[in-house]
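Breakdown of the fold
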Amino acid sequence: MQSASSGGRRLRHAALAARKFALETGHVVTRKELSASARDAERALRLSAPQRLVLSQLVVCWGEHHMDRLLVWPSNQRLTAATGLSERAIRNAIQALIELQVLIPKDLPNGKRYAVRDEKGTVVDAFGFDLTPLYARRGEWAAVTAEQQQRKELLKRSFDEITICRRATEAALSALAQYYPKVDRTALESRVSTLKARTPKRSGTTLPAGLVEAWNEMRQLAEEAFYQASCDGTTCRHIEAENESLSETCHNGRQDDTEPGAQDALPIEMSLPALIVEACPVISDCAHSIRDVVDLVSAGRFLRASLGAHPSAWTEAVEAIGAMHAATAVIYVLQLYDDDVSSGKHSIRNPGGYFRTIIRLVKSGEIDLQTELLTLRRHKLAQGDKIGRPGSEVCCGPREKTWVHELPSQGSGQQPAVTRDWRMGHRQGTSGVTI
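Since the model is a prediction, treat every value here as computed from it, not as a measurement.

One full turn of an α-helix is made of 3.6 residues, so residues set three or four places apart face in the same direction. Taken together, the buried positions of helix H4 (residues 76–83) are Asn 76, Leu 79 and Thr 83. Buried residues along H4 cover an arc of 60° about the axis, so they all sit on one side. Residues of H4 that are exposed and angled more than 90 degrees away from the buried face: Gln 77 and Ala 81. At its buried positions, H4 is contacted by helix H3 (49–60) and helix H5 (87–99). Gly 84 occupies a position one or two residues after H4 and carries a positive phi of about 80°.

Here you go:
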């Protein structure tokens, strides 16, 4: 029977327990296989640096002998020279590896380690250390390493989910403070601060129980607070952007060439976004189309810079007449400024100041934006009917807008369809009818 100790080293339970591990019959373990088992054991047992150095040197000493045990016999002097550690550090590392059942001590009472050879010089026995448990437990090392990797991935996903919830919560609270500053956010912000204090860094090994669920709940509360602050559609009337019938065509059945007088007929009730689109062609410069009031406000906020107006002008306008009317005023003034530049008059020297003036007039009730837009729309339609006739041409200065009319071939029997294509360019080389 393989002895666990020779008397020079104190007998330990771990050394006795490691004797149950044995090699497969007739299998010669190579140094490469033993090194792979040592690497797995290092990761599974989380060995310290001195323990890894000593274990690697013991593996290097394995000479692939035909023996039923993996015996090595390096002296402490050799291990000291190979690892650079002190003899005390080497003794402590070996003792720790014995306690972890990685190796079994087999040395003489006087501490000598050497090989026992037969008459032919073949190693038949040795006094030193038995590395058989290191290789026999290779399946255990692999299972522990896989479990550690699984826990690491789970911890990473938990931290990622916490990061997503934290950023979403902060974004909701920031939007709440920006758009609805009157809403009390003290309780929510205090709870967020508490959760941040409880959340460890990613270098931490574990997460407090229930922390992920707490962050998910915090995100829902913050987003629900922002949703409720935006009226939730319960305390304000929904604005229907599309009032037209679904059976009507895109141009509302209007035929520009056959019925020119129908262009002057205005609908009794017209949605504000649709009226702005028809009265102010300059809105085509906006990246997104205007379908409802939300798009209208976004376009007004975006085009405010085109007037050269300070951001405070937009803030004051929203406080004075509301966001919808402020956006309408921006687009209306931008269209007037565009027409002024196109005509060559240059009567509007400061469009930003003109915008502030319009806001004051609207607030005092001296002008009505919808009435002004209807007038501007009627004027645009009248101009379009005038220039739609072949041979008509009106110069509008350095910037030119053209309508290209696509007429059907003769004899087709179809009504002349008009395709409106607004083009900006110089007078020379511009195709189509110039206005």
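Before going further, it helps to examine the pairing of strand S4 (residues 123–130). One ladder, built from 2 bridges, connects strand S1 (residues 71–72) with S4; its direction is antiparallel. When the sheet's bridge partners are listed, Val 72 is paired in S4 with Phe 129. Taken together, the 3 bridges between strand S2 (residues 104–106) and S4 define a ladder with antiparallel strand orientation. Considered in S4, the bridge of Ile 104 is made with Asp 130. Counted between consecutive antiparallel strands, the loop separating strand S3 (residues 114–117) from S4 contains 5 residues, among which Gly 121 sits at a positive phi close to 90°.

Another aspect to go through is the nonpolar core. Counting 35 residues, the largest nonpolar core has Cys 280, Leu 307, Ile 331, Tyr 332, Phe 355, Ile 358 and Leu 373 as its most contacted members. When contributions to this core are tallied by element, the ones reaching two or more residues are helix H10 (272–279), helix H11 (293–303), helix H12 (311–321), helix H13 (323–343), helix H14 (351–364) and helix H15 (369–387). If you tally residues by element for this core, the top one is H13, at 9 residues. Once residues within four sequence positions are removed from consideration, Cys 280 is found in contact with Ile 331, Tyr 332, Gln 335, Leu 373 and Leu 376.

The rules behind the values
Each chain carries its own residue numbering, running from 1 in the written order of its sequence. Reporting in this predicted model follows two pLDDT cut-offs: at least 70 for local features of residues, and 80 or more for side-chain atom pairs to be given and counted; totals over whole chains, interfaces and linings ignore these cut-offs and use all residues. To get the side-chain values, all heavy atoms of the structure are used, and hydrogens and water are removed first. Buried, partly exposed and exposed residues are distinguished by accessible area as a fraction of the type maximum, computed with a 1.4 Å probe on protein chains only: under 20%, between the cut-offs, and over 50%, respectively. Strands here mean DSSP runs of E at least two residues long; helices mean DSSP runs of H or I at least four residues long; both are numbered from the N terminus. The directions from the helix axis to the C-beta atoms are what the arc is built from. Contacts: residue pairs with any heavy atoms within 4.5 Å of one another. When DSSP finds two or more bridges between a pair of strands, those strands are recorded as paired. By nonpolar core is meant a set of buried Ala, Val, Leu, Ile, Met, Phe, Trp, Tyr and Cys residues that side-chain atoms within 4.5 Å join together.

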